[in-house]
Amino acid sequence: MDEITIKVYNDDFVTVKKEIKAEFVKVPFGFVRKLMRLCNIENINSTKDLLGVLAGSWDSVTKLLDNIFPEMSEDDWDGVDTKEILSVVFSLVRRSVSELKNIPTDPKN
């Protein structure tokens, strides 16, 4: 499975203090359901689109990120670039939707 990386920056937001790696995880249906309620997930093609959607489900997003990156402390999150967080969430959502599309619809399966 692919890895996801989040960089934690020093206060200057140039120097990387540490990198936290995690495996792509299965995204809970509740998270996907909340996002689907907010928009047509297939029309999210940019971080700008995603930012608008995430604003409506921020608690679910932070809970998911805490589960994916359990080594991250509250202070670590303060040193993460917002664009990188959006990129991680965007990747997770797109991957989840792709996996949903591959579920067989034949009742015999």
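Refer to the structure above for everything that follows.
Residues numbered from 1 in each chain as written. Predicted model: local features only at pLDDT ≥ 70, side-chain atom pairs only at ≥ 80, totals over all residues. Heavy atoms only, no water.

Student: I keep staring at the overall build of the protein chain and nothing clicks. Help me out?
Tutor: When its secondary structure is counted, the protein chain shows five helices and two strands. Looking at the 109 residues of the protein chain, the share that counts as buried comes to 35%. Taking as baseline every contact in the protein chain between residues at least 6 positions apart, the subset at least 24 positions apart corresponds to 60%. Total accessible area computed for the protein chain in this model is approximately 7,200 Å², and 50% of it derives from carbon and sulfur atoms. (Helix = DSSP H or I, 4+ residues; strand = E, 2+ residues; numbered from the N terminus. Buried < 20%, exposed > 50% of the residue type's maximum accessible area, 1.4 Å probe, protein only. Contact = heavy atoms within 4.5 Å. Areas by Shrake-Rupley, 256 points an atom, 1.4 Å probe, with all protein chains shown as cover.)

Student: Just to check I follow, could you spell out the packing of aromatic side chains for this structure?
Tutor: By convention here, two paired aromatic rings are described through the distance between centres and the angle between planes. Inspection of the entire model under this criterion finds two aromatic pairs. Relative to Phe-13, the ring of Tyr-9 lies with its centre 5.7 Å away and its plane at 20 degrees, an arrangement referred to as stacked. According to the relative accessible area criterion, Tyr-9 is buried, its value standing at 13%. By relative accessible area, Phe-13 is classed as partly exposed at 41%. Look at Phe-69 and Trp-77: their rings are 6.2 Å apart centre to centre, the planes differ by 80 degrees, and that puts the pair in the edge-to-face class. A single burial state applies to Phe-69 and to Trp-77, both of which are buried. (Phe/Tyr/Trp six-rings, centres within 6.5 Å; stacked < 30°, edge-to-face > 60°.)

Student: When you look at the environment of Lys-48 in this model, what are you seeing that I'm missing?
Tutor: Looking at the element boundaries, Lys-48 is found in helix 2 (residues 47-54). Between the alpha carbons of Lys-48 and Leu-86 there is a distance of 9.1 Å; along the sequence they are 38 residues apart.

Student: Sorry if this is basic, but what is going on with the nonpolar core here?
Tutor: Within soluble globular proteins, side chains that are nonpolar tend to cluster in buried spots. One finds Leu-65, Phe-69, Met-72, Trp-77 and Leu-92 to be the most contacted residues of the largest nonpolar core, which totals 23 residues. Contributions of two or more residues to this core are made by strand 1 (3-9), strand 2 (16-23), helix 3 (58-68) and helix 5 (82-101). Those residues in contact with Phe-69, other than ones at most four positions away along the chain, are Ile-4, Ile-6, Ile-20, Lys-21, Ala-22, Trp-77 and Val-88. (Core = buried A, V, L, I, M, F, W, Y, C linked by side-chain atoms within 4.5 Å.)

Student: Help me understand the pairing of strand 2, please; the structure alone is not making it clear to me.
Tutor: Moving residue by residue along a regular strand, the side chains alternate between the two faces of the sheet. Taken together, the seven bridges between strand 1 and strand 2 define a ladder with antiparallel strand orientation. Across the sheet, residue Ile-4 finds its bridge partner in strand 2, namely Ala-22. Hairpin connection between strand 1 and strand 2: a loop of six residues separates the two successive antiparallel strands, and Phe-13 in this loop has a positive phi of roughly 55 degrees. (Pairing = 2+ DSSP bridges.)

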